[in-house]
Amino acid sequence: MVNIDDYRKITGDETVDGLLIIAGKLEGRMIQHINSTAVGGGVAEILTRMVPLLKQLNVNTRWDVIKGDEKFFAITKAFHNALHGVREEFRKDDFEYFLEVNRTNAEEISFDGDMVFVHDPQPVALIEKKISSGSRWAWRCHIDFTNPQEDVIRFLENYINMYDSSVFSAPAFARKLSIPQILISPSIDPLSDKNKELSDEIISNIAEKFGLDRSRPIVSQISRFDYLKDPLGVIEVYRKVKKYNDCQLVLAGGGATDDPEGMKVLNEVYASANGDPDIHVIFLPPSSDIEINVLQRISNVVLQKSLKEGFGLTVAEALWKEKPVIAGAVGGIPLQIKHQYSGILSYTIDGTAFYLKQLLNEPVFAKELGINGKNHIKNNFLITRHIRDYLLLFLSLLDKDMKFLNE
Ligand code: UDP
């Protein structure tokens with residue numbers, strides 16, 4: 001069980017004292033988060049850590065997860081892809097079914113929050129339930145909105161515009177909306193099982209369990225098996241590099257309950273790996289936080305070759321561990337990586353392969369990127385900063401005296 005005071009040694013007293021002061025102003029208020037999965041993916045990752053910490057700060061908080069069947073999550077995954085610019089076809093019936101499931105959930109969830117925080121498109125239409133009770137609703141978008149498919153965004157905007165406020169992860173995602181838009185980037189928790197320091201013994205045992213040889217370079221990508229994370233592109237990168245540099249590739253990840261595409265992508269990855277003993281495709285069950293922590297720590301280089309990305313928590317996680325990261329220059333990733341300073345931004349398979357060779361051959365440069373990366377994450381993307389931003393948003397929406405912030 002983490003204690004809010006444990007963060008003092010990482011962030012300093014000022015940060016934690018500041019949180020306690022702001023949280024005190026929310027006394028008697030209830031904050032309600034709603035999303036579409038309890039496990040898998042970045043949103044669940046953040047809420048799992050943030051909800052107990054908010055409670056520790058005495059902020060009355062609850063977290064509800066909407067329910068949906070296979071058809072609903074197939075539609076919302078297609079929405080997700082379309083919002084990321086992948087062409088998808090929808091029938092009128094798809095939009096109607098989406099609304100039907102949202103309305104069924106709206107009947108089952110009790111909306112007790114003074115502040116209702118709805119995450120991502122899946123539950124966006126719950127806003128229909130907003131009543132004139134004085135509760136405030138914010139829509140929190142975690143996805144890359146730079147090039148969304150028109151019909152989907154137009155449909156969703158009908159609902160987004162009914163909220164009191166919207167929150168995006170990066171300036172590039174801002175849209176023309178009739179409601180205020182606020183920039184709050186996501187964060188990682190330095191004290192979670194996924195990010196905390198580990199003993200050499202744990203690290204060695206888990207590396208051995210996965211059959212990884214620590215005397216040879218390890219390159220990894222940890223992600224849900226999703227086309228937009230480009231695991232097949234990562235295998236191509238590895239093959240190009242392997243001609244010149246000995247290395248092992250780790251592609252590790254699991255699924256998310258709201259992502260039905262995972263198995264299909266995983267099978268394509270297995271096929272493409274084609275039995276290469278140096279390609280370790282590891283399907284991770286939920287609660288593999290220590291395993292992910294170890295895989296990131298034993299990597300010489302971490303890749304995140306995303307084609308689209310909301311923020312890319314995996315990048316922050318690897319940088320926090322002082323790893324040199326090569327990542328796609330998409331979505332929220334450039335907020336985390338300044339090219340050739342706190343990591344490497346890449347655009348293509350050839351570019352990624354070029355830099356991977358360089359980092360494997362130049363460990364001093366690679367180490368420098370990792371050190372700068374960790375500092376950047378420490379200064380900007382830890383959960384304490386994220387909680388402060390959320391609390392200030394809650395206050396600005398709930399407190400009439402701070403009305404200027406809503407205008
Ligand atoms: N993750 C996990 N298990 C997996 C794959 C990913 O716990 O099998 C975690 C990963 O460590 C990160 C989050 O899920 O904390 C993924 O967030 P990110 O923003 O990188 O991508 P998303 O999945 O939300 O697109």
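Position numbers for residues start from 1 in each chain and track the written sequence from start to end. With the structure being a predicted model, the display of local features is reserved for residues of pLDDT at least 70 and the display and counting of side-chain atom pairs for 80 or more, all residues being used for whole-chain, interface and lining totals. Values reported for side chains reflect all heavy atoms of the structure, with hydrogen atoms and water molecules removed beforehand.

J.: Help me understand the pairing of strand E7 (residues 218-222), please; the structure alone is not making it clear to me.
T.: Remark: a regular strand shows side chains that alternate across the two faces of the sheet. Throughout, exposure labels follow a simple rule: accessible area from a 1.4 Å probe, protein chains only, divided by the maximum for the residue type, with under 20% read as buried, over 50% as exposed, and the rest as partly exposed. In DSSP terms, a helix is any run of H or I states spanning at least four residues, a strand is any run of E spanning at least two, and both are numbered starting from the N terminus. Counting buried positions along E7 gives 5 out of 5 residues, so the element sits mostly inside the fold. Alternating residues of E7 divide into Ile218, Ser220 and Ile222 and Val219 and Gln221, and every residue in both groups is buried. With 5 bridges joining them, E7 and strand E8 (residues 248-253) adopt parallel strand pairing. Looking at the pairing, Ile218 lines up with Gln248 of E8. Traced from E7 through helix H8 (residues 231-242) to E8, the parallel crossover comes out right-handed. Following DSSP output, two strands are said to pair if at least two bridges run between them. Here a crossover is taken to be right-handed if, once the strands point away from the viewer, the path from the first strand over the helix to the second is traced clockwise.

J.: In this structure, what is going on with unusual backbone geometry? I would like to understand it.
T.: For residues other than glycine, phi is negative in most cases, and the peptide bonds are mostly trans. The phi dihedral of Asn274 is positive, around 50 degrees, even though this residue is not glycine. Structurally, the position occupied by Asn274 is in the loop between helix H9 (262-273) and strand E9 (279-283). At Ser287, a position not held by glycine, the phi torsion is positive, near 60 degrees. Position of Ser287 relative to the elements: it lies in the loop between E9 and helix H10 (289-297).

J.: I tried to follow empty space enclosed by the protein on my own but got confused; where do I start?
T.: A pocket, in this scheme, is an open set of points on a 1 Å grid over the protein atoms alone with protein on both sides within 12 Å along at least 5 of 7 lines, while a cavity is a set where a 1.4 Å probe fits but cannot get out; residues line either one if an atom lies within 4 Å of a point. Grid points are joined across faces, edges and corners, and a volume is the space filled by probe spheres set on the points. Applying the stated criterion to the full structure yields 4 cavities of 30 Å³ or more. Put simply, the largest cavity is a space of about 60 Å³. Lining the largest cavity we find Glu45, Ile46, Arg49, Ser187, Ile188, Asp189, Ser192, Asn195, Glu317 and Ile383. The element that contributes the greatest number of residues to the lining of the largest cavity is helix H3 (residues 41-56), accounting for 3 residues. Under the grouping applied here, Gly and all other residues not named as nonpolar or charged are polar, the nonpolar ones being Ala, Val, Leu, Ile, Met, Phe, Trp, Tyr, Cys and Pro and the charged ones Asp, Glu, Lys and Arg. When the residues that make up the lining of the largest cavity are grouped by side-chain class, the tally is 3 nonpolar, 3 polar and 4 charged. Estimated volume of the second largest cavity: approximately 40 Å³. If you trace the second largest cavity, you find it lined by Gln221, Ser223, Arg224, Phe225, Lys229, Pro231, Leu251 and Ala252. The residue makeup of the lining of the second largest cavity, split by class, is 4 nonpolar, 2 polar and 2 charged.

J.: How should I be thinking about the layout of surface pockets in this particular structure?
T.: If a probe as big as a water molecule is rolled over the atoms, it shows which places are left empty. Of the pockets and cavities examined, the second largest pocket occupies roughly 220 Å³. In this structure, the second largest pocket is lined by 13 residues; those nearest its centre are Thr11, Thr15, Lys378, Thr384 and Arg385. Counting only elements with at least two residues in the lining of the second largest pocket, the list comes to helix H1 (8-11), helix H2 (13-24), helix H14 (363-380) and helix H15 (383-398). With 4 residues, the top contributor of residues to the lining of the second largest pocket is H2. In terms of residue class, the lining of the second largest pocket is built from 3 nonpolar, 6 polar and 4 charged.

J.: Please explain the site of the ligand as it appears in this structure.
T.: Only a single heavy atom is needed: when it lies within 4 Å of a molecule or strand, its residue is near that molecule or strand. Gly42, Arg224, Lys229, Gly254 and Glu317 are the nearest of the 15 residues found near the ligand. Whenever a nitrogen or oxygen atom comes within 3.5 Å of another N or O atom, the pair is scored as a polar contact, on the condition that within protein one atom can donate a hydrogen and the other can accept it, and that pairs from neighbouring residues in sequence are kept only if both atoms are in side chains. Between the ligand and Leu313, the relevant distance is 2.9 Å, taken from an oxygen atom to a main-chain nitrogen or oxygen of the residue. Within the contact set of the ligand, an oxygen atom lies 3.2 Å away from a backbone nitrogen or oxygen of Thr314. In the complex, 86% of the free accessible area of the ligand, which totals 540 Å², lies under the protein chains. Within the residue set of the shell around the ligand, elements represented by two or more residues are H3 and helix H11 (313-320). Residues belonging to the shell around the ligand are distributed by class as follows: 2 nonpolar, 7 polar and 6 charged. Computed with the Shrake-Rupley method and a 1.4 Å probe, the accessible areas treat only the protein chains shown as cover for residues.

J.: Hey, could you run me through the nonpolar core in this one?
T.: One broad trend across soluble globular proteins is that nonpolar side chains are buried collectively. Note on terminology: a nonpolar core comprises buried Ala, Val, Leu, Ile, Met, Phe, Trp, Tyr and Cys residues joined through side-chain atoms within 4.5 Å. Membership of the largest hydrophobic core comes to 48 residues, with the highest contact counts inside it found for Ile387, Leu391 and Phe394. When contributions to this core are tallied by element, the ones reaching two or more residues are H2, H3, strand E3 (115-119), H11, strand E11 (325-328) and H15. With 9 residues, H15 is the single largest residue contributor to this core. Pairs of residues are marked as contacts when any of their non-hydrogen atoms sit within 4.5 Å. Those residues in contact with Leu391, other than ones at most four positions away along the chain, are Leu19, Ile22, Ala23, Leu26, Leu54, Leu57 and Val59. With 40 residues, the next largest nonpolar core counts Ala82, Leu99, Ala125 and Ile153 among its residues.

J.: Is there a simple way to explain the packing of aromatic side chains in this structure?
T.: Between two aromatic rings, the relevant description is the distance of the centres plus the angle of the planes. Stacked, tilted and edge-to-face are the three classes applied to pairs of Phe, Tyr and Trp rings, where Trp contributes its six-membered ring and a pair requires centres within 6.5 Å; stacked means planes under 30 degrees apart, edge-to-face means over 60, and tilted covers the rest. Scanning all chains against the criterion turns up 20 aromatic pairs. Look at Phe72 and Phe98: their rings are 5.8 Å apart centre to centre, the planes differ by 20 degrees, and that puts the pair in the stacked class. With a gap of 26 residues between them, Phe72 in helix H4 (residues 70-83) and Phe98 in helix H5 (residues 92-108) connect regions that are remote in the sequence. The buried category is assigned to Phe98, whose relative accessible area is 0%. Taken together, the aromatic side chains of Phe72, Phe73, Phe79, Phe90, Phe95, Phe98, Phe155 and Tyr159 make up a single cluster linked through ring pairs. When the ring centre of Trp320 is taken as reference, the NZ or CZ atom of Lys374 above it lies at 4.5 Å. For a ring to carry a charge above it, either NZ of a lysine or CZ of an arginine must fall within 6 Å of the ring centroid while also lying within 35 degrees of the normal to the ring plane.

J.: What should I look at first to understand the sheet that holds E7 in this one?
T.: A sheet is described by the order of its strands in space; here 6 strands give the open sequence E9-E8-E7-E10-E11-E12, paired in parallel fashion. Whereas interior strands pair on both sides, the edge strands pair on one side only; in this sheet they are E9 and strand E12 (344-346). Strand-to-strand twist in this sheet, taken as the mean axis angle between neighbours without regard to direction, amounts to 20 degrees. The sheet contacts of H9 involve E8 and E9, and relative to E9 the element is tilted by about 160 degrees. Axis lines are fitted to C-alpha atoms, over the contacting stretch for helices. Their N-to-C directions set the angle, which ranges from 0 to 180 degrees.

J.: Would you mind going over H11 with me for this structure?
T.: The buried fraction of H11 amounts to 8 of the 8 residues, a majority that puts the element mostly inside the structure. Every buried residue of H11 is accounted for by Leu313, Thr314, Val315, Ala316, Glu317, Ala318, Leu319 and Trp320. Phi for Glu322, located one or two positions after H11, is positive at around 60 degrees.

In short, geometric facts, not functional conclusions.
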